[in-house]
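# A structural walkthrough
For reference, the chains in residue letters:
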Amino acid sequence: MLKSKCKEAFRKMRKNSILLFAIIMLFSIILAGCGGGDKKAASPAAPAAGGKKLIIYTSMKESLIGGIVEGFKKQNPGIEVDYQSAGAGKLMAKIAAERQSGKILADIIWTSEVPDFYNMKKEGILEQYKTPLLKEILNPFEDYDGYFTAARLGTLGIAINTDKIKTPPTQWSDLFKPEYKKAFGIADPALSGTAYMSVALLEKQFGWEFFDKLHANQARIGKGSGQVVDDTASGELAASLAVDYITYDKIKKGAHIALYYPPELLIAPSPVAIFKGGPNVDAAKKFVDYLLGKEAQTLIANEGTLSVRPDVKAPEKLKLPDSADALKRSIKIDYVKMMASKEATIKKFTDTLQGKK
């Protein structure tokens, strides 16, 4: 009798549970059909084409890339963007590791190491994209074919400590004068890609005799491009071969330094490229176009380097040369040959300035 009553109670309990579950499901369906409250409105914006964030690897400093990314997102609210800012060498090592694992995680690469882009193009990992803005910009690459495009024209000049050098330099040969003896620094091209490019350009224009004379005046090899400018600002050096935006950043902070450009200009382009086969190629193309547009190029000019757009001028207080004129005055070089001779050029430079010839 007791067993029979238990079975009946269990059947009623199960029946009620099924009925309760059905009521809950029905209520959920009705609620969803009515809009589902606030949760749907809080869903994130649609991601970039391909279902992932647009990822950018760049050697540009945070204050520049951050502003450009924010501007791009405002113009393209449906595209999510993330970036990693680091030295070009670290980024290339990261890309190499990712290739070993089977997939490059970034969609875009933007640095100032031109030889890296020729290498990546040769290895077949870059997407060919000829931006429709090409007719509006200055192109430093005579062999341009769309695998990478200059997005910035970095310049190098002679930075002087204005407390130590009273007569500004007007020629590269001024570096052989007594006031620069033991007091001129140039970054080690083995550590800095920008320094290597400047050494290659100066050797192309003036030959190794130029570096023989620097050695005779006891020029010094520094470390990174930033360090030689720091040493000029502190007075440890009287002058250095200096990158524009690094120098102007020091000037803005009150350093007693100034940057001067001899007639033969050293220009280090900063190319941007899209990785081949990524999930967000269409979004990446939009970013390249935005980067070459007037809004982003104005941000670049305001950071103390040259825009690739002739209609974007740097602030007058920076005293940068005009972009179009600078490109005309720049020392031209075959980047492929420069890349092939890198090891030999660095060794000869080091031996020359250390008197090991």
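See the structure printed just above.
Calculation notes
Residues numbered from 1 in each chain as written. Predicted model: local features only at pLDDT ≥ 70, side-chain atom pairs only at ≥ 80, totals over all residues. Heavy atoms only, no water. 1 Å grid on protein atoms, 1.4 Å probe; cavity = no way out; pocket = protein on both sides within 12 Å on 5 of 7 lines; lining within 4 Å. Points joined across faces, edges and corners; volume = space filled by probe spheres on them. Helix = DSSP H or I, 4+ residues; strand = E, 2+ residues; numbered from the N terminus. Nonpolar A, V, L, I, M, F, W, Y, C, P; charged D, E, K, R; others polar. Phe/Tyr/Trp six-rings, centres within 6.5 Å; stacked < 30°, edge-to-face > 60°. Buried < 20%, exposed > 50% of the residue type's maximum accessible area, 1.4 Å probe, protein only. Pairing = 2+ DSSP bridges.

## Focus: empty space enclosed by the protein
- This model, assessed by the stated rule, comprises 3 cavities of 30 Å³ or more.
- Roughly 50 Å³ of internal volume is contained in the largest cavity.
- Surrounding the largest cavity, Glu127, Tyr129, Gly146, Tyr147, Phe148, Thr149, Val272, Ala273, Ile274 and Val288 form its lining.
- Here the element with the most residues in the lining of the largest cavity is strand 10 (residues 266-275); it accounts for 3 residues.
- Of the residues contributing to the lining of the largest cavity, the split by class is 7 nonpolar, 2 polar and 1 charged.

## Quick look at the packing of aromatic side chains
- The full count for this structure, using the stated rule, is 12 aromatic pairs.
- Seen in terms of ring centroids, Phe210 and Phe211 are 5.2 Å apart; in terms of plane orientation they differ by 85°. Their pairing is edge-to-face.
- Ring plane angle 85° and centroid distance 5.6 Å describe the contact between Phe211 and Phe349, whose orientation is recorded as edge-to-face. With Phe211 in helix 6 (residues 209-216) and Phe349 in helix 13 (residues 342-353), this residue pair connects regions lying 138 residues apart in the sequence.
- A relative accessible area of 0% means that Phe211 is categorised as buried.
- In this structure an aromatic cluster arises from ring pairing among Phe176, Phe206, Trp208, Phe210, Phe211 and Phe349.

## Digging into the pairing of strand 8 (residues 239-243)
- Strand 8 sits mainly inside the fold: 5 of its 5 residues count as buried.
- Pairing geometry for strand 5 (residues 149-161) and strand 8, over 5 bridges, is antiparallel. Bridge pairing links Ile160 to Ala239 in strand 8.

None of the figures reported here should be taken as evidence of function without further support.
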